[in-house]
Amino acid sequence: MGIEVTAYDPGWPIRFEEVAEILRKALVDGPEASVEHVGSTSVPGLAAKPILDIDVIVAPKDVPAAVAALERIGYRHRGDLGVAGREAFHAPDDDPRRHVYVCAARTLNVRNHLAVRDILRRRDDLRDEYAAVKLALAADPDIDIDTYIARKSDVLQKILAASDLTDDERRQILSLNDPSR
């Protein structure tokens with residue numbers, strides 16, 4: 001099976017902006033939203049799975065309206081997939097490959113995504129350490145996505161130690177990413 005991790009592609013931010021513009025237009029008559037490029041493809045110089053991660057962040061009360069707006073443009077709602085405050089979607093096409101989520105503002109999930117992105121953009125040492133772990137894990141042709149996520153947990157905890165998340169919040173993220181802990 002395996003996991004594909006590739007060198008940073010300077011085209012990722014361009015592709016994000018193309019998708020973000022479509023999402024912003026879909027939301028123009030709806031709730032106020034911030035469309036954020038998160039995940040490894042949002043960090044210049046970071047090796048990543050070549051799949052964009054996009055968070056559409058809205059006030060908690062506006063989540064249903066944002067879900068409806070994305071459904072109107074062909075996104076298929078998948079539910080929260082076990083993460084409270086985050087609604088996942090299948091995109092109407094695979095160009096570019098992407099994961100799109102509607103997220104309630106200020107939730108731990110959103111704060112985690114933004115903290116990891118922002119710290120890795122500032123800290124080349126942590127970015128490079130994270131890249132090395134991801135590349136080493138992806139080199140195992142038998143690794144599955146759950147194991148890949150779990151085995152990144154230690155370096156992600158190191159990254160999050162540089163954030164404003166509390167110890168309890170970091171433990172919650174750790175247990176979500178690696179249920180064996």
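Read on for an overview of the structure. If you're wondering where the values come from, they're calculated on a predicted model, not measured in any experiment.

Cut-offs used in this document
Residues numbered from 1 in each chain as written. Predicted model: local features only at pLDDT ≥ 70, side-chain atom pairs only at ≥ 80, totals over all residues. Heavy atoms only, no water. Phe/Tyr/Trp six-rings, centres within 6.5 Å; stacked < 30°, edge-to-face > 60°. Helix = DSSP H or I, 4+ residues; strand = E, 2+ residues; numbered from the N terminus. Buried < 20%, exposed > 50% of the residue type's maximum accessible area, 1.4 Å probe, protein only. Axes fitted to C-alpha atoms, helices over the stretch in contact; angles between N-to-C directions. Parallel < 35°, antiparallel > 145°, perpendicular 65-115°, else oblique. Contact = heavy atoms within 4.5 Å. Nonpolar A, V, L, I, M, F, W, Y, C, P; charged D, E, K, R; others polar. Salt bridge = Lys/Arg side-chain N within 4 Å of Asp/Glu carboxyl O.

**A look at the packing of aromatic side chains**
Here is step 1 of the chain: All told, the structure shown has two aromatic pairs when counted by the stated rule.
Here is step 2 of the chain: Where Tyr8 meets Trp12, the ring centres are 5.4 Å apart and the plane angle is 90°; that geometry is what we call edge-to-face.
Here is step 3 of the chain: Consider the rings of Tyr75 and Phe89, whose centres lie 6.4 Å apart with planes at 85°: the pair is edge-to-face. A residue pair is termed long-range when its members are at least 10 positions apart, and Tyr75 in the loop between helix 2 (63-72) and strand 3 (76-79) and Phe89 in strand 4 (residues 86-90) qualify at 14 residues. For the pair Tyr75 and Phe89, a shared accessibility class is recorded, and that class is buried.

**Focus: the packing of helix 4 (residues 124-138) against helix 6 (residues 153-160)**
Here is step 1 of the chain: It is the contact of helix 4 with helix 6, at a shortest axis distance of 10 Å, that shows an interaxial angle of 170°. Taken as axis vectors, helix 4 and helix 6 run roughly antiparallel relative to one another. Residues Leu126, Glu129, Tyr130 and Val133 of helix 4 pack against Val155, Leu156, Lys158 and Ile159 of helix 6.
Here is step 2 of the chain: Partitioning the contact of helix 4 with helix 6 into residue classes produces six nonpolar, no polar and two charged.

**Details of the pattern of salt bridges**
Here is step 1 of the chain: As enumerated under the stated definition, the model contains 17 salt bridges in all.
Here is step 2 of the chain: One salt bridge in this structure joins Arg97 and Glu4, with 3.7 Å as the shortest N-O distance. Residue Arg97 is located in the loop between strand 4 and strand 5 (98-104), and its partner Glu4 is located in the segment before helix 1 (12-27); the two are separated by 93 residues in the primary sequence.
Here is step 3 of the chain: A salt bridge links Arg98 to Asp93, with the nearest nitrogen and oxygen atoms 3.0 Å apart.

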